[in-house]
Every structure is written in C-alpha cells, then in structure tokens.
Amino acid sequence: MKLLARRVHYVDNEPYLNNGDVPVRAVLSLLDKKNGERRVAEKYPFLTDLDIRNCKLLALVELEDRPEYKRNKHVKARRSGKPRQPLKIMFDENLTYKIVPALVNNISEVSHVYFEDMQAWRDIDIWNKVKGCDRRGIVITRDRDFVELAEIFTMEAIVKAGAVDKADISAEPFVVHIDTKVTKKVDVLSAFRKQAHMMAKEAQREPREMPYMTLKGDRIVSGASVRDIFRKYMLPRTDMPDDYRSLIAAIDWRRLNRVRQDNGLPGISSYALQAPEAA
C-alpha cells in the first residue's frame, strides 16, 4: 500500500514503524488491552498519533489474522439466517482516509481509494474497478462526476432494456454524493454510523430504483429515480415513451453524449444501445 510506504517497512513480511523501528503488531497488542492508548504512550512515548493511526490502518487492510481485517472483509448473516449479499463501500480520495478505521462495520467491506493505490485515477476507472469487484459497490464522494456516471449508465440500462421501468442497474455502483455546501467531516461520520444499514439496503435492492442519493448535513436524502433521470435526458416537449421507437426518439442524444464525453466516454448513436428484442 503506497499510502504507508514512507512510514512503514517490512522484516520477514512483518510491518515495522519507521519511527523507532517498532513492530506494528506490538502496538496493536497494546491497543487491544484496556487503556490501550495510555499503554502505548507509556511504552513508546516517541510514537505520534499518526503512527498509531497507521497501525490501525494496516490492521484494517492487510493483517489477515487481526480482528479488524476480518470484521472489514467478512459479512455477517442476516437475522433470518440468510447470508448478506457482499457489499463494498469505497470512499473517494476527496474524503480523508483517516475516518475509515472508525467506520468499519459488519455490514460491508469499507475501503478507500488510497488503500487500493487508485489516487489520481480517472473517475471512470474507479467506477469500473468498484463495479468489477465481487461485491455490490457503494461510492461515497464529494465529486459530482460520479453522479453523472450514475446517470450515464442508467440511460444505457434503459435503452438496453427497451423501457424505463425495466432498466436493470443492479450491477452499477450506488453513489452517495456529499453536498459540500452543508456537510462537514463530522456529518459524514455521523451519517455513516446512523445510516449504513439504509445505504446497504438501497444498494442491494432488486430492482434498484435509485442510482444515487445525496448526503446533506448528517442525513441521506432521496436522489433521483431511474424515471427521473430519463426525464432529465428527454428532449423538450416530448411525452414519456410507451414503446421502444418512441423511447429512442425522446432522448436528447446531444446532451447525453456531451456528458459522456466530459466523463471520458465516447459518444454513442441511437443505434449503439439497441434493446435485444429490437436489435
């Protein structure tokens, strides 16, 4: 993990803090005990809060025999006895990675762009990486471009299905967009702790009705439905379509292609995404 490359080194595959050459597992062992932070300060007074945080991060993302790692990677069964659908929550790089250890839960795997060395990646590449993992994905971000990506792939799903109400977006990441005008770091922490179950439920819903939702303050508010997004990309003075031909004719392809190109995707024609029954 490049994030910690300058702060940690390895001896026989075991991590050591560069500050004092202290074994990471020794710090974690002290933290496991009562008054752990005080015990660490007594034994290693030269360690900083950042050193301790880095130990927790390594436990979270790398040390497979640690409870933090196991809790972050494995999903508990539902009360009904049925296993939960695997879920992965990815924090974008415009949110500090320092909040992640406080948000580990038994609902999902919680990760960060930095943990997976994806900083400076294009948004579309991050999207495809989250989509391509073996779990349903949630992207939490301040970046409006992820909302546009959700809209782009919703429109693709609509055209491929041949009808607005039949669009399947279940394979696409679910986006939680943070309204930066009214939302602070403490709000993100509070909202996640209180509403992680709700985010998970929406991401796992079949069929999915909302490609994205918005975080305002410390609460999640409704975003746009599949139908709302189709209305957004309709030509003026057109009606909701009732067949495939009218659906294709109702789309403002120029606007849709402009948004696609702004997000690093090629423009498409009305013939490129035909419904299977219409192909």
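Residues numbered from 1 in each chain as written. Predicted model: local features only at pLDDT ≥ 70, side-chain atom pairs only at ≥ 80, totals over all residues. Heavy atoms only, no water.

Engineer: What's the story with the sheet that holds strand β4 (residues 87-91) in this structure? I'm lost.
Structural biologist: With mixed pairing, the six strands of this open sheet are ordered in space as β5-β4-β6-β7-β8-β9. Where the open sheet ends on each side, the last strands, each with one partner, are β5 (109-112) and β9 (219-224). Neighbour-to-neighbour, the strand axes of this sheet turn through a mean angle of 25°, independent of strand direction. Inspection of the sheet shows strand β8 (residues 212-216) paired to β9 by four bridges, in the antiparallel sense. Among the inter-strand pairings, Thr-214 is bridged to a residue of β9, identified as Val-221. (Pairing = 2+ DSSP bridges. Helix = DSSP H or I, 4+ residues; strand = E, 2+ residues; numbered from the N terminus. Axes fitted to C-alpha atoms, helices over the stretch in contact; angles between N-to-C directions.)

Engineer: For this particular structure, what's the right way to read the packing of helix α1 (residues 24-31) against helix α3 (residues 49-61)?
Structural biologist: Two measures define how a pair of helices packs: the angle their axes make with one another and the distance between the axes. Put simply, α1 and α3 touch, their axes get as near as 10 Å, and they point 95° apart. Comparing their axes, α3 and α1 come out roughly perpendicular. Here Val-24, Val-27, Leu-28 and Leu-31 of α1 lie close against α3, whose contacting residues are Ile-52, Cys-55, Lys-56, Leu-58 and Ala-59. Within the contact of α1 with α3, the residues separate by chemical class into eight nonpolar, no polar and one charged. (Parallel < 35°, antiparallel > 145°, perpendicular 65-115°, else oblique. Contact = heavy atoms within 4.5 Å. Nonpolar A, V, L, I, M, F, W, Y, C, P; charged D, E, K, R; others polar.)

Engineer: Hey, could you run me through the packing of aromatic side chains in this one?
Structural biologist: Each aromatic ring pair is summarised here by two numbers: the centre-to-centre distance and the angle between the ring planes. In the structure shown here, the tally under the stated rule is five aromatic pairs. Between Trp-127 and Phe-153, the ring centres sit 5.7 Å apart and the planes meet at 20°, which makes this aromatic pair stacked. Within this pair, whereas Trp-127 is found in helix α5 (residues 123-132), its partner Phe-153 is found in helix α6 (residues 144-161), the two being separated by 26 residues in sequence. For Phe-153, a relative accessible area of 10% translates into the label buried. Residue placement shows Lys-131 over the ring face of Phe-153; its charged tip is 5.5 Å from the ring centre. Positioned above the aromatic ring of Tyr-233 is the side chain of Arg-255, whose terminal nitrogen or guanidinium carbon lies 5.2 Å from the ring centre. (Phe/Tyr/Trp six-rings, centres within 6.5 Å; stacked < 30°, edge-to-face > 60°. Buried < 20%, exposed > 50% of the residue type's maximum accessible area, 1.4 Å probe, protein only. Lys NZ or Arg CZ within 6 Å of the ring centre and 35° of its normal.)

Engineer: Looking at this structure, how should I read a positive patch on the surface?
Structural biologist: A surface patch of positive charge is lined by Arg-6, Arg-7, Lys-98 and Lys-185. Residue position: Arg-7 is located in the segment before β1 (8-11). The class of Arg-7 is partly exposed, set by a relative accessible area of 30%. (Patch = residues over 30% accessible without salt bridge, like charges linked within 9 Å, V, L, I, M, F, W, Y side chains within 5 Å. Areas by Shrake-Rupley, 256 points an atom, 1.4 Å probe, with all protein chains shown as cover. Salt bridge = Lys/Arg side-chain N within 4 Å of Asp/Glu carboxyl O. Lys, Arg positive; Asp, Glu negative; His and termini not counted. Charge placed at Lys NZ, Arg CZ, Asp CG, Glu CD.)

Engineer: For this particular structure, what's the right way to read the sheet that holds strand β3 (residues 22-23)?
Structural biologist: The strands that make up a sheet pair up through hydrogen bonds in the backbone, lying either parallel or antiparallel. Pairing is antiparallel across the open sheet formed by three strands, whose spatial order is β1-β2-β3. Each edge of the open sheet is held by one strand with a lone partner, namely β1 and β3. The pairing of strand β2 (residues 14-17) with β3 spans two bridges and is classified as antiparallel. In the sheet register, Leu-17 faces β3, and the bridge partner there is Val-22.

Engineer: How do you make sense of the pairing of β8 when you look at a structure like this?
Structural biologist: Two faces, one strand: in a regular strand the side chains alternate between the faces of the sheet. The buried fraction of β8 is high, at four of five residues. Taken together, the four bridges between strand β7 (residues 174-178) and β8 define a ladder with parallel strand orientation. Residue pairing for β8: Val-175 is matched across the bridge by Tyr-212. With antiparallel pairing between neighbouring strands as the criterion, β8 and β9 make up a hairpin whose turn holds two residues, including Gly-217 at a positive phi of roughly 65°.

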